[in-house]
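Commentary on secondary and tertiary structure
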Amino acid sequence: MKERQKPKYDMEPRYVLLIMTMICIFLIFFSYKFANVFDVARTRMNSFLVPLQKGITTLGTGINNAVDNFEQVEALQKEIAELKAENDRITREKENIEQSLYDLERYKQLLSLADSYKNYTTVGANIIAKDSSGYYARFTLDKGYKDGIQVDMNVLAGAGLVGIITEVGPNYSIVRSIIDDNNYVSAIVTKTDDNCIVCGNLELLSMGYIEIRDLSINTEVRNNYKVYTSPLSDKYLPDILIGYISNIQNENDGLTKTGYLTPVVDFEHLNTVLIITDLKKNLTEE
Amino acid sequence: MVVVLVYAVEILIAVLLKTTLFTHLAFGYYNIIPDLIVMIVVAAAYQRGKTKGMFVGFFAGLVLDIASGGYLGVFALFYMFLGYLNGFLAKYYVQNDILLPLMMAAASEFLFAFMCYVFLFLTHGRTHLGAYILYQMIPLAIYTCIVFIPVYRILDLIYWKVTKPLYTDYSKVET
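Summarised in this report is the structure supplied together with it. Along each chain, residues carry numbers from 1 onward, in the same order as the chain's sequence is written. Chains carry letters and ligands carry numbers; both start at the beginning, A for chains and 1 for ligands, and go up in the order they are written. Since the coordinates come from a predicted model, pLDDT governs what is reported: local features require at least 70, and pairs of side-chain atoms require 80 or more to be given and counted, while whole-chain, interface and lining totals use all residues.

1. Here we look at the overall build of chain A
We apply this condition: Note on conventions: DSSP H or I runs of at least 4 residues are helices, E runs of at least 2 residues are strands, and numbering of each starts at the N terminus. Think of it this way: build a C-beta for each residue from its backbone, and any pair within 7 Å is a contact.
What chain A contains, in helices and strands, is 3 helices and 12 strands. Long-range pairs, those at least 24 residues apart, make up 57% of the contacts in chain A with a sequence separation of at least 6.

2. A few points about the environment of Thr-190 of chain A
Residue and element names in this part refer to chain A. With respect to the helices, strands and loops of the structure, Thr-190 is situated in the loop between strand S6 (184-189) and strand S7 (195-199). For the pair Thr-190 and Lys-226, spaced 36 residues apart in sequence, the C-alpha to C-alpha distance is 5.6 Å. In contact with Thr-190, other than residues within four places in its own chain, are Tyr-225, Lys-226 and Tyr-228.

3. As for the nonpolar core
Note the following rule: A set of buried residues drawn from Ala, Val, Leu, Ile, Met, Phe, Trp, Tyr and Cys, joined through C-beta atoms within 7 Å, is what defines a nonpolar core. Around each residue's C-beta, the other C-beta atoms within 10 Å are counted; 20 or more make the residue buried, 12 or fewer make it exposed, and counts in between make it partly exposed. All C-beta atoms are placed from the backbone.
Counting 107 residues, the largest nonpolar core has Val-198 of chain A together with Ile-40, Val-41, Tyr-79 and Met-80 of chain B as the members making the most contacts within it. Sequence-distant contacts of Ile-40 of chain B, defined by excluding residues within four places in its chain, comprise Glu-10, Ile-11, Ala-14, Val-56, Ala-60 and Leu-155 of chain B.

4. Overview of the interface of chain B and chain A
As a reminder, the rule being used: Charged means Asp, Glu, Lys or Arg here, nonpolar means Ala, Val, Leu, Ile, Met, Phe, Trp, Tyr, Cys or Pro, and polar covers whatever is left, Gly included.
Contacts between chain B and chain A engage 41 residues on the former and 42 residues on the latter. Contributions of two or more residues to the side of chain B that touches chain A are made by helix H1 (2-19), helix H3 (50-68), helix H4 (74-87), helix H5 (99-121) and helix H6 (129-163) of chain B. Take the side of chain B that touches chain A: its biggest share by element is 8 residues, from H3 of chain B. Residue composition of the side of chain B that touches chain A, by class: 24 nonpolar, 14 polar and 3 charged.

5. A short note on the packing of H1 of chain B against H3 of chain B
Residue and element names in this part refer to chain B. Stated precisely, the cut-off is as follows: Each axis is a line fitted through C-alpha atoms, taken for helices only over the stretch in contact, and angles between the N-to-C directions span 0 to 180 degrees. Note on convention: near helix rotated counterclockwise from far helix by under a right angle means a left-handed crossing. Clockwise means right-handed.
Two numbers describe how H1 lies on H3: the axes approach to 10 Å, and their chain directions differ by 35°. When you trace H1 past H3, the crossing you get is right-handed. Of the residues in H3, those touching H1 at Tyr-7, Ile-11, Val-15 and Thr-19 are Val-56, Phe-59, Ala-60, Val-63, Leu-64 and Ala-67. Here the residues of the contact of H1 with H3 sort into 9 nonpolar, 1 polar and no charged.

6. Some remarks on H5 of chain B
Which entries qualify depends on this criterion: Expected helix span is computed as 1.5 Å times (number of residues minus one).
With 23 residues, H5 of chain B extends 32 Å from end C-alpha to end C-alpha; this agrees with the ideal 33 Å at 1.5 Å per step. Residues Pro-101, Met-104, Ala-105, Ser-108, Glu-109, Phe-112, Ala-113, Cys-116, Leu-120 and Phe-121 of chain B constitute the buried set of H5 of chain B.

7. Regarding the packing of helix H1 (residues 13-33) of chain A against H4 of chain B
Packed helices, taken two at a time, are described by the angle their axes make and the gap between the axes. Quick reminder of the rule: Roughly parallel refers to an angle under 35 degrees, roughly antiparallel to one over 145, roughly perpendicular to one between 65 and 115, and oblique to any angle outside these ranges.
The interhelical angle for the contact between H1 of chain A and H4 of chain B, taken along N-to-C directions, is 170°, at an axis separation of 9 Å. For the element pair H1 of chain A / H4 of chain B, the angle class is roughly antiparallel. Taking contact as the criterion, the partners of Pro-13, Leu-17, Met-20, Thr-21, Cys-24 and Ile-28 of chain A in H1 of chain A are, on H4 of chain B, Val-74, Ala-76, Leu-77, Met-80, Tyr-84 and Gly-87 of chain B. Here the residues of the contact of H1 of chain A with H4 of chain B sort into 10 nonpolar, 2 polar and no charged.

8. Here's the deal with the pairing of strand S8 (residues 210-216) of chain A
Residues and elements named next belong to chain A. We apply this condition: When DSSP finds two or more bridges between two strands, those strands count as paired.
Looking at chain direction, S7 and S8 are connected through 3 bridges and run antiparallel. Looking at the pairing, Ile-197 lines up with Arg-213 of S8. Of the pairings in the sheet, the one linking S8 to strand S11 (residues 256-263) comprises 5 bridges and is antiparallel in character. Following the sheet pairing, Ser-216 is matched in S11 by Thr-256.

9. Describing unusual backbone geometry
All names here are of chain A. Look at Asp-193: it is not a glycine, yet its phi comes out positive at around 55°. Among the secondary structure elements, Asp-193 is positioned in the loop between S6 and S7. You can call Asp-193 exposed: it has 9 C-beta atoms within 10 Å. With a phi close to 65°, Asp-239 is a non-glycine residue in the positive phi region. Within the secondary structure, Asp-239 sits in the loop between strand S9 (226-229) and strand S10 (241-250).

Encoded structure:
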């Protein structure tokens, strides 16, 4: 009873620990249950952090680029020569393809097929910070709701899927990538049209793979088949390339097959991404 | 007041560096990034005891929670426990000693990685503990140790030059 007269900072550390632990558990519970209330505080704090992160990242990439420039001159000259040769080849191919496209268009009209490939509108964005914890494969982009970004927009790099936007502030947004251990994408395999689930797996990442599961046991999927996002998914837009299958094997339950997937996106050297500003739910409503 | 300000700046710099520049130092896909926050928490607990180590850990974890977009309070809880546990060794504090804090940092980083595994991965069915120890926890602890040596020198210097004189008596009482 007499302990109450003591000033606060003389409290026994273990009691402080107990109180603080309860505060933490309380915080975890409430941020899980009432995410909206905490979003205000979170956005405030992040709006303060983001300009600083932007500055440091610009500086860092600047130094990185300066060092790289020295190393790369010779390699680049070689690459230019190769690219020129490739350009000639591609120009020839393009003419062939244009011809086939014209044919395709005609067949489509004949079959009165709806145009399945939508031209998505995209916005470019820079990565200014990668996951601060090291345990989530998430990163921060320099565009926010002021630039028209919304939660659940898909993020691409090159031809492949990078991830999905999970949080948006005025001048930043946070992307959870497909290699995140918590991320699941429903996907479809070309040629066989099998449905499956693609999920990140921290264990396989060292080999450059993520996981693919829930393939039907009867499927005839082979290695190197392409995997696209499925029209079934309620957040991911259809027909975006995710990666290539490898190492398919039967699951112990005898009902499904699992395998590895090599993502087309090089997550290790990712600097800029494209955000698709069309949302899946809007597209399906149309 | 000065102490609070110094720790606020330290935590802010740590979170900013960890999210930006240090990602260039990461090993491969695994995000093996030296953990500046563990270093600050270990140093604070070692120099100032359980209660203060706990508070530094709590606020550092909270900032990290906010910046990383997970549930609020998870990392705050982890770092707070690290601050408390490291505080037990505060009575052995000697200026310029590097060996004990280095071991503390290694053990703390390992423990932190283990807590992350239990609460963030085991909870959704990742049971291969061996792989996590081998590819995540051990490299993380080693990398943190290497970076800890110069960082701790700076933190100890800050402790003596900037904040120590104000709290000389108090630190005696606490140990």
